[in-house]
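Chain and residue survey
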Amino acid sequence: AYPVSVSRVLERVVRMLGIVAREKEVTLTYEVNEDAVVRATEDDIHQILYNLIENGIKYSGSMGFVHTALHVTDSTVEIRVEDNGIGIPEDAKDRVFERFYRVDKSRSRETGGTGLGLAIVKHIAQIHNATVTLDSALGKGTKITVTF
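Just so it is clear, the model here is predicted, and its values are computed rather than measured.

**Some thoughts on the overall build of the protein**
- Helix and strand counts for the protein stand at 4 helices and 7 strands.
- Written out in order from the N terminus, the α and β elements of the protein read β-α-β-β-α-β-β-α-α-β-β.
- Here the protein has a C-alpha radius of gyration of 14 Å; the compact-globule value for 148 residues is 15 Å, and the two agree.
- Taken across its 148 residues, the protein has 47% of its residues classed as buried.

**What about the sheet that holds strand 2 (residues 27-32)?**
- If you walk across this open sheet you meet the 5 strands as 2-4-5-7-6, and the pairing is mixed. Across the chains shown, the open sheet's two edge strands, defined by having one partner strand only, are strand 2 and strand 6 (131-137). Strand-to-strand twist across the sheet, computed as the mean angle between neighbouring axes with direction ignored, equals 10 degrees.
- Where strand 4 (residues 65-72) lies against strand 5 (residues 77-83), 7 bridges are found, and the strand directions are antiparallel. Residue pairing for strand 5: Thr 68 is matched across the bridge by Val 81.

**Regarding the packing of helix 2 (residues 42-58) against helix 4 (residues 117-127)**
- Where helix 2 contacts helix 4, the two axes come as close as 9 Å, and the packing angle between them is 145 degrees. With respect to the hand of their crossing, helix 2 and helix 4 are arranged in left-handed fashion. Where helix 2 approaches helix 4, its residues Asp 44, Gln 47, Ile 48, Asn 51, Leu 52 and Asn 55 are matched on the opposing element by Gly 117, Leu 118, Ile 120, Val 121 and Ile 124.
- For the contact of helix 2 with helix 4, the per-class residue count stands at 6 nonpolar, 4 polar and 1 charged.

What counts, and where the lines are drawn
Residues numbered from 1 in each chain as written. Predicted model: local features only at pLDDT ≥ 70, side-chain atom pairs only at ≥ 80, totals over all residues. Heavy atoms only, no water. Helix = DSSP H or I, 4+ residues; strand = E, 2+ residues; numbered from the N terminus. Rg over C-alpha atoms; globule rule 2.2 N^0.38 Å. Buried < 20%, exposed > 50% of the residue type's maximum accessible area, 1.4 Å probe, protein only. Pairing = 2+ DSSP bridges. Axes fitted to C-alpha atoms, helices over the stretch in contact; angles between N-to-C directions. Left-handed = near helix turned anticlockwise from the far one by under 90°. Contact = heavy atoms within 4.5 Å. Nonpolar A, V, L, I, M, F, W, Y, C, P; charged D, E, K, R; others polar.

Shown next as structure tokens:
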């Protein structure tokens, strides 16, 4: 692991997923309060950001939004990805980080998910002693925060 600029990786991921977001009429925005640097690999940070933002786009309807915020304090770097999509039901919140778990089994083919995205995010976070928190309300959206 070495110092990685999360801000730079974020800009790249937003550019990559911008096309997908535009096709779905989802507004993709981000804010950075200062350059966030974490000790990790660039691949790991890319994977976290890509999976979280792609999920946000996938589960937001047209005219939805996905907003990513990087917040740096003296001791932490916080990556927060928030959307106004379908949200996660209460009984699924503990399970969404499990491998292959899908909230809505009937939509799996339509959305093309493997059920691995959040499991990968959680796994990478654990490797780097980071925490992952989930805040979601059905029909209102989801906010996932990874804190290094």
